[in-house]
Amino acid sequence: MSKAERKLHFNVFLRGTGHHAGAWRHPDAHPELELDIDYLAGLARIGERGLLDAVFLADGYTGATNKLEPFTQLAALAAVTERIGLIATVGTVYNEPFHVARQFASLDHISGGRAGWNIVTGAGSAAHNFGREEHPPLAERYESGEEFVEVAKQLWDSWEDDALVFDKQAGVQVAPGKVHEIRFRGKSYSVRGPLNIPRPPQGYPVLVQAGSSEAGKELAAKTAEVVFTAQQTFGAAREFYADVKSRLGKYGRTRDDLIIMPGFAPIIADTEAEAKELEEELFGLLDKEAALRHLSHYFTVDLSGYPLDGPVPLDKAKPYGSIATGITSRHEVVVDAARRDGMTLRQFVNRSAGGHGHITFTGSVLQAADFIERWFRGDAADGFNLLPQLFPSGLAIIADKLIPELQNRGLFRTAYEGRTLRENLGLARPANTRHPAASG
């Protein structure tokens, strides 16, 4: 695809009241509705109004979180939306491939081909909730995670595309010889198959991968179709983009086979002054002590003992790679931002509270469009995973004001290209690799 033909892609990362840690206390926020499916459906419909590619859900198995289980939520959202994609984060460490393959096939059938799988190997240890002594080390998680995805693909391919015939005259529903055992035997998994549900409408759900570590980049080049990454500067984003795209050739893939979408956490208003006013309002609602406790995870000291208007004690930062759980590359991004920009502790808290290590932005609609256009035209991103810092208003201004500005610049679609997530992302439907002769 030529540069002139390329169009931006956007997912919206749903998070109850917004991605700023103080958002839930804002007068416009509705924390009491975070489990209310009508409220969540309203957010999805705003995203669809803005022609966004997908809604994106994070997930994990620890902590006292106030959010629904992803498959349940996305199946409900599928019933009240028509085109927007539905991406669920599902980890490989504390699941089995058969379960996950079946759940995604079900979601893809329910939604008419709009499912996506954000593949993580375990962001934070949940070993104590699953009868295990400890969280597996990073290298082991990636090795078993790659095998996990391969098993899921083979299970989706265990049904040929034309297996269902429903021949009432002959009394045959499933064509003989069109559903196959996979007999997979690997280092981590042994699965006979077949899957007990037909091949998904998309062949496979769109495969998304988060993380920017060396192992993560290689896994993305080999397996992923969308990469959700955390890059805070144009230069770093260009370098990451070029690096990952350059790895695709050895796996027989082209640059168009992988969409790179950094996280983008904006506060947008009609004017820059209004956006900055909202930023200050959100910072004023922030629990500073809780934020400092969270950020202390990256340091060898408790940050609450340091003055807010003093420098970040970077000499006390933990070495990169020393944090055994979580997204290890996020550690580097968060600390590097403080070092690069010479932040005070107050600035560090404010930036981190709004973006979780992703790009934070405060400005007008036109300024936001300029920022996005520069990154897109400069080969730093194919689009963005949007993290509005306040819901629902932060998403509404994107759909109703930012998207029209990007359309005016010829950078974004004016209608959905198709009915499936793959069609809207410009990704091919994968052939059935085990039974290619019958694949559609």
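We now turn to the structure provided with this report. Quick caveat, the model's predicted, so the values are computed rather than measured.

Conventions and cut-offs
Residues numbered from 1 in each chain as written. Predicted model: local features only at pLDDT ≥ 70, side-chain atom pairs only at ≥ 80, totals over all residues. Heavy atoms only, no water. Helix = DSSP H or I, 4+ residues; strand = E, 2+ residues; numbered from the N terminus. Rg over C-alpha atoms; globule rule 2.2 N^0.38 Å. Contact = heavy atoms within 4.5 Å. Areas by Shrake-Rupley, 256 points an atom, 1.4 Å probe, with all protein chains shown as cover. Lys, Arg positive; Asp, Glu negative; His and termini not counted. Charge placed at Lys NZ, Arg CZ, Asp CG, Glu CD. Buried < 20%, exposed > 50% of the residue type's maximum accessible area, 1.4 Å probe, protein only. Polar contact = N/O pair within 3.5 Å; in protein donor to acceptor, adjacent residues only side chain to side chain. Phe/Tyr/Trp six-rings, centres within 6.5 Å; stacked < 30°, edge-to-face > 60°. Lys NZ or Arg CZ within 6 Å of the ring centre and 35° of its normal. Core = buried A, V, L, I, M, F, W, Y, C linked by side-chain atoms within 4.5 Å. Salt bridge = Lys/Arg side-chain N within 4 Å of Asp/Glu carboxyl O. Pairing = 2+ DSSP bridges. Right-handed = clockwise from strand over helix to strand, strands pointing away.

What follows covers the overall build of the protein chain. The helix and strand tally for the protein chain stands at 13 helices and 13 strands. Over its C-alpha trace the protein chain gives a radius of gyration of 22 Å, about what one expects of a compact globule, namely 22 Å for 440 residues. For the protein chain, the spread of C-alpha atoms along the principal axes amounts to about 80 × 50 × 45 Å. In the protein chain, once contacts between residues fewer than 6 apart in sequence are set aside, the share between residues at least 24 apart is 76%. Summed over all atoms, the accessible surface of the protein chain reaches about 18,900 Å², with 51% contributed by carbon and sulfur. Placing the 48 positive and 56 negative side-chain charges of the protein chain at their respective mean positions leaves the two points 4 Å apart.

If a residue is not glycine, its phi is most likely negative; likewise, a peptide bond is most likely trans. That bond from Gly 193 to Pro 194 is cis: its omega, 0°, falls within 30 degrees of zero. Examined against the element boundaries, Pro 194 turns out to sit in the loop between strand 8 (190–191) and strand 9 (206–210). Residue Pro 392 is bonded to the preceding Phe 391 through a cis peptide linkage, with omega at 0°. Among the secondary structure elements, Pro 392 is positioned in the loop between strand 13 (383–386) and helix 12 (393–408). For Phe 166, which is not glycine, the phi torsion reads 50° and is therefore positive. For Phe 166, the location among the structural elements is in strand 5 (residues 164–167). Not every positive phi belongs to a glycine, and Arg 183 is a case in point at roughly 50°.

Examined against the element boundaries, Gln 231 turns out to sit in the loop between strand 10 (226–229) and helix 6 (234–246). In this structure Gln 231 comes out as buried when scored by relative accessible area, which is 10%. Among the polar contacts listed, one links the side chain of Gln 231 to the side chain of Thr 229, at a separation of 3.0 Å. Residues in contact with Gln 231, not counting those within four places in the same chain, are Ser 212, Ala 236, Ala 237, Phe 240, Ile 359 and Trp 375.

Before going further, it helps to examine the packing of aromatic side chains. The geometry of an aromatic ring pair is captured by two quantities: the separation of the ring centres and the angle between the planes. Counted under the stated rule, the structure contains 21 aromatic pairs. Note on Phe 299 and Phe 348: the rings are 6.1 Å apart at their centroids and 85° apart in plane angle, and the pair reads as edge-to-face. In this pair, Phe 299 sits in the loop between helix 8 (288–295) and helix 9 (328–341) while Phe 348 sits in helix 10 (residues 345–355), placing the two residues 49 residues apart along the sequence. Assessed through its relative accessible area of 1%, Phe 348 is described here as buried. One aromatic cluster is present, built from ring pairs that chain together Phe 71, Phe 104, Trp 117, Phe 148, Trp 156, Tyr 189 and Tyr 204. Over the face of the ring belonging to Phe 283 we find Lys 288, whose NZ or CZ atom lies 4.6 Å from the ring centre. Over the ring of Phe 234 we find Arg 374; its NZ or CZ atom is 3.9 Å from the centre of that ring.

What follows concerns the nonpolar core. Ranked by size, the top nonpolar core spans 73 residues in total, and within it Phe 10, Phe 104, Trp 117, Trp 156, Phe 384, Leu 402 and Leu 406 carry the most contacts. Here this core gets seven residues from one element, more than from any other, and that element is helix 12. In contact with Phe 104, not counting residues within four places along its chain, are Phe 71, Ala 88, Val 90, Ala 115, Gly 116, Trp 117, Trp 156 and Pro 205. Grouped together as the second largest cluster of nonpolar side chains are 19 residues, Phe 299, Val 312, Ala 338 and Phe 348 included.

If you walk through the whole model with that rule in mind, you get 31 salt bridges. Where Glu 181 meets Arg 183, a salt bridge forms, and the shortest distance between an N and an O atom there is 2.5 Å. A residue is classified by how much of its surface remains accessible, and Arg 183, at 63% relative accessible area, is exposed. Taking the shortest distance from any N to any O, the salt bridge between Arg 247 and Asp 243 comes out at 2.8 Å. Take Arg 247: its relative accessible area is 10%, and that puts it in the buried class. Using a relative accessible area of 22% as the deciding quantity, one classes Asp 243 as partly exposed. Three or more residues are tied together by salt bridges with common partners; here these are Glu 214, Lys 217, Glu 218, Asp 243, Arg 247 and Lys 250.

Every second residue of strand 10 is oriented toward a common face, with Val 226 and Phe 228 on one face and Val 227 and Thr 229 on the other, all of them buried. Where strand 9 meets strand 10, three bridges bridge the pair, whose relative direction is parallel. Along strand 10, the bridge assignment pairs Gln 209 with Val 227. Between the parallel pair strand 9 and strand 10, the chain is carried across by helix 5 (residues 214–223), and the sense of this crossover is right-handed. As defined by bridge partners, strand 10 adjoins strand 11 (residues 259–269) across four bridges and the pair is classed as parallel. The partner of Val 226 across the bridge, within strand 11, is Ile 259. Remark: the strand 10/helix 6/strand 11 crossover connection has right-handed handedness.

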